[in-house]
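Residues per chain, in single letters:
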Amino acid sequence: MGTHDNTDEYGFDTRQVHAGEVDERNHGARITPIYLTAAYRFDSFAQAEDRFTGAEAGQVYSRNLNPTHEVAERRIASLEGGTGAIVVGSGQAAITALLLGLAGAGERIVSTASIYSGTRILFDRTFARLGVAADYVRDPADEAEWERLITAQTKAIFVETIPNPKNDLVDVAAIARIARRHTIPLIVDNTVATPYLIRPIEHGADAVVHSSTKFLTGHGAALSGVIVDGGRFDWAGSTRSYPGLTDPLAAGRSSLVESHGARALEAYLRFGIVNDFGAALSPVNSFLLQQGIETLSLRMAKHLENAEIVAAWLDAHPAVESVDFAGLPTSAYHRIAQERFGGHAGSVFAFTVRGGRDGAERFFDALRLISRMTNIGDVRSMALHPATTTHASFSAEERARLGIGDGLIRLSVGIETAADLIADLDRALAAAAAS
Ligand SMILES: Cc1ncc(COP(=O)(O)O)c(C=O)c1O
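Just so it is clear, the model here is predicted, and its values are computed rather than measured.

## A look at the sheet that holds strand β3 (residues 84–88)
Point 1. Across the sheet, which stays open at both edges, the seven strands sit in the order β3-β9-β8-β7-β6-β4-β5 with mixed pairing between neighbours. The open sheet has two edge strands with one neighbour each: β3 and β5 (133–137). When strand polarity is set aside, the average angle formed by the axes of neighbouring strands in this sheet is 20°.
Point 2. In this structure, β3 lies alongside strand β9 (residues 225–229), joined through five bridges in antiparallel fashion. When the bridges of β9 are listed, Gly84 appears paired with Asp229.

Structure below.
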């Protein structure tokens with residue numbers, strides 16, 4: 001198989017269909033085949049040795065390289081503007097591999113507090129047990145708070161472009177300036193925004209992660225995660241140490257920074273951390289990921305349009321106390337939406353139904369079209385009550401600090417006909433109001 005023409009000069013819509021594709025010469029298959037193979041045959045004794053030492057590039061075992069994955073990896077790297085990418089078993093696996101690749105026992109991560117609840121639980125439970133501590137910034141716009149929390153042990157800064165459920169958008173460029181000042185890599189979870197809305201590397205991020213389970217795959221069928229290497233971070237020049245990247249791999253050998261340059265992080269994760277942890281993705285899932293990405297811009301345009309219609313409608317509804325959506329001019333995050341997200345705020349947001357927990361329960365149980373379920377970024381619209389589900393294990397004080405009230409409902413707005421979504425919400429809000 002020869003690689004396809006370089007597609008980097010094409011527009012976003014063309015790259016989401018063609019970037020990274022291969023010209024399959026055996027049969028002329030136009031769609032990337034699903035290479036369901038655990039390992040790869042060597043031509044000779046010498047090739048086996050060279051593949052293992054890395055003297056010759058090529059597959060050895062599907063835990064770190066697979067031809068189906070490679071197409072998805074090149075495509076996502078192209079859309080995000082990175083030097084390379086790695087797909088893994090889930091978004092959670094992507095975050096784990098990247099951050100534990102950078103920080104070890106006795107070291108720290110500084111993160112915004114309103115990140116995805118599962119990531120908070122990962123940090124506070126499992127990372128903490130391994131000796132990696134997370135410090136949480138409450139107001140990402142407050143530089144003094146970042147300065148207070150960043151210490152000599154801080155090895156990475158972690159933020160999400162569009163946190164959910166509160167839709168409290170983050171200004172990546174402002175945080176990138178803080179990260180650069182301290183020579184700490186900035187890792188951005190771009191799951192909810194997707195590269196259609198914002199490309200964090202263009203705003204100074206050093207690596208991007210996704211739960212590609214969500215909008216990138218798009219149809220709610222398969223889990224996957226991805227890590228994109230921004231390629232610009234100066235690992236050797238940082239005031240922090242990143243020995244996995246900067247130390248010689250063995251006596252007399254070069255470091256990954258020396259041998260791989262702008263793709264050192266990708267190499268470190270692919271052949272080191274991801275390979276060791278073994279959070280491998282099925283090629284079936286990376287095939288579904290590729291298929292999903294091909295329509296990303298079309299789906300996102302409809303997700304955004306529907307979310308904006310639904311949020312404005314909810315905002316005017318008497319049974320709704322408030323709407324947390326940065327697309328609304330009244331939102332405290334509207335300026336960031338306008339300056340950094342082209343006036344949009346994604347399609348995952350929250351609103352508070354009057355009547356507290358009882359009102360929320362009546363609303364939830366009356367839904368017919370909108371699915372009662374966790375997950376986000378599906379073509380189907382979904383609703384969830386965070387206080388009793390995703391945030392149930394948080395203390396009442398922490399829920400209050402995060403603004404997760406008893407009447408709060410999270411919506412992930414799909415691509416259905418907007419009027420049908422509004423009719424379903426209207427019926428459910430009428431049920432909530434009828435005590
Ligand atoms: C923003 C964000 N990051 C990461 C994850 C974890 O991804 P996964 O469920 O694919 O492990 C999720 C899942 O909901 C998410 O919403």
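## Side note on the layout of surface pockets
Point 1. A volume near 1200 Å³ is recorded for the largest pocket.
Point 2. Forming the walls of the largest pocket are 45 residues, and the residues nearest its centre are Ala57, Leu65, His260, Arg270 and Phe271.
Point 3. Mapped onto the lining of the largest pocket, the elements with two or more residues apiece are α2 (45–53), α3 (67–80), β3, α10 (256–260) and α11 (264–277).
Point 4. For the lining of the largest pocket, the element with the highest residue contribution is α11, accounting for seven residues.
Point 5. Here the lining of the largest pocket is composed, by residue class, of 13 nonpolar, 19 polar and 13 charged.
Point 6. One number sums up the size of the second largest pocket: a volume of about 540 Å³.
Point 7. Lining the second largest pocket we find 28 residues, and of these Asp139, Pro140, Asp168, Leu169 and Tyr333 sit closest to its centre.
Point 8. When residues of the lining of the second largest pocket are traced back to their parent elements, those giving at least two are α7 (172–182), β10 (320–324), α14 (334–340) and α16 (396–402).

## What about the side chain of Thr96?
Point 1. Position of Thr96 among the secondary structure elements: in helix α4 (residues 91–102).
Point 2. Since its relative accessible area comes to 17%, Thr96 is described here as buried.
Point 3. There is a polar contact of 2.7 Å between the side chain of Thr96 and the backbone oxygen of Gln92.

## Some details on the domain arrangement of the chain
Frequently, the measure chosen for interface size is the accessible area that the parts lose on association.
Point 1. Split into domains, the chain comes out as domain 1 (12–293) and domain 2 (296–433).
Point 2. Look at where the C-alpha atoms of domain 1 and domain 2 centre, and you get two points 29 Å apart.
Point 3. Taken together, the contact between domain 1 and domain 2 spans 38 residues of the former and 40 residues of the latter.
Point 4. Overall, the association of domain 1 and domain 2 removes approximately 3300 Å² of surface from exposure, summing both partners, and the carbon and sulfur fraction of that is 61%.
Point 5. Where domain 1 touches domain 2, the interface holds four salt bridges.

## Some details on the packing of α4 against helix α5 (residues 117–129)
Point 1. Between α4 and α5, whose axes approach to 11 Å, the crossing angle comes to 45°. Taken together, the axis directions place α4 and α5 in an arrangement best described as oblique. Of the two elements, α4 crosses α5, and the hand of that crossing is right-handed. Along its contact with α4, which presents Gln92, Ile95, Thr96, Leu99 and Leu100, the element α5 presents Gly118, Thr119, Leu122, Phe123 and Phe127.
Point 2. Considering only residue class, the contact of α4 with α5 consists of six nonpolar, four polar and no charged.

Calculation rules
- Residues numbered from 1 in each chain as written.
- Predicted model: local features only at pLDDT ≥ 70, side-chain atom pairs only at ≥ 80, totals over all residues.
- Heavy atoms only, no water.
- Pairing = 2+ DSSP bridges.
- Helix = DSSP H or I, 4+ residues; strand = E, 2+ residues; numbered from the N terminus.
- Axes fitted to C-alpha atoms, helices over the stretch in contact; angles between N-to-C directions.
- 1 Å grid on protein atoms, 1.4 Å probe; cavity = no way out; pocket = protein on both sides within 12 Å on 5 of 7 lines; lining within 4 Å.
- Points joined across faces, edges and corners; volume = space filled by probe spheres on them.
- Nonpolar A, V, L, I, M, F, W, Y, C, P; charged D, E, K, R; others polar.
- Buried < 20%, exposed > 50% of the residue type's maximum accessible area, 1.4 Å probe, protein only.
- Polar contact = N/O pair within 3.5 Å; in protein donor to acceptor, adjacent residues only side chain to side chain.
- Domains from an automatic or database assignment.
- Contact = heavy atoms within 4.5 Å.
- Buried area = accessible area lost by both parts, 1.4 Å probe.
- Salt bridge = Lys/Arg side-chain N within 4 Å of Asp/Glu carboxyl O.
- Parallel < 35°, antiparallel > 145°, perpendicular 65-115°, else oblique.
- Left-handed = near helix turned anticlockwise from the far one by under 90°.

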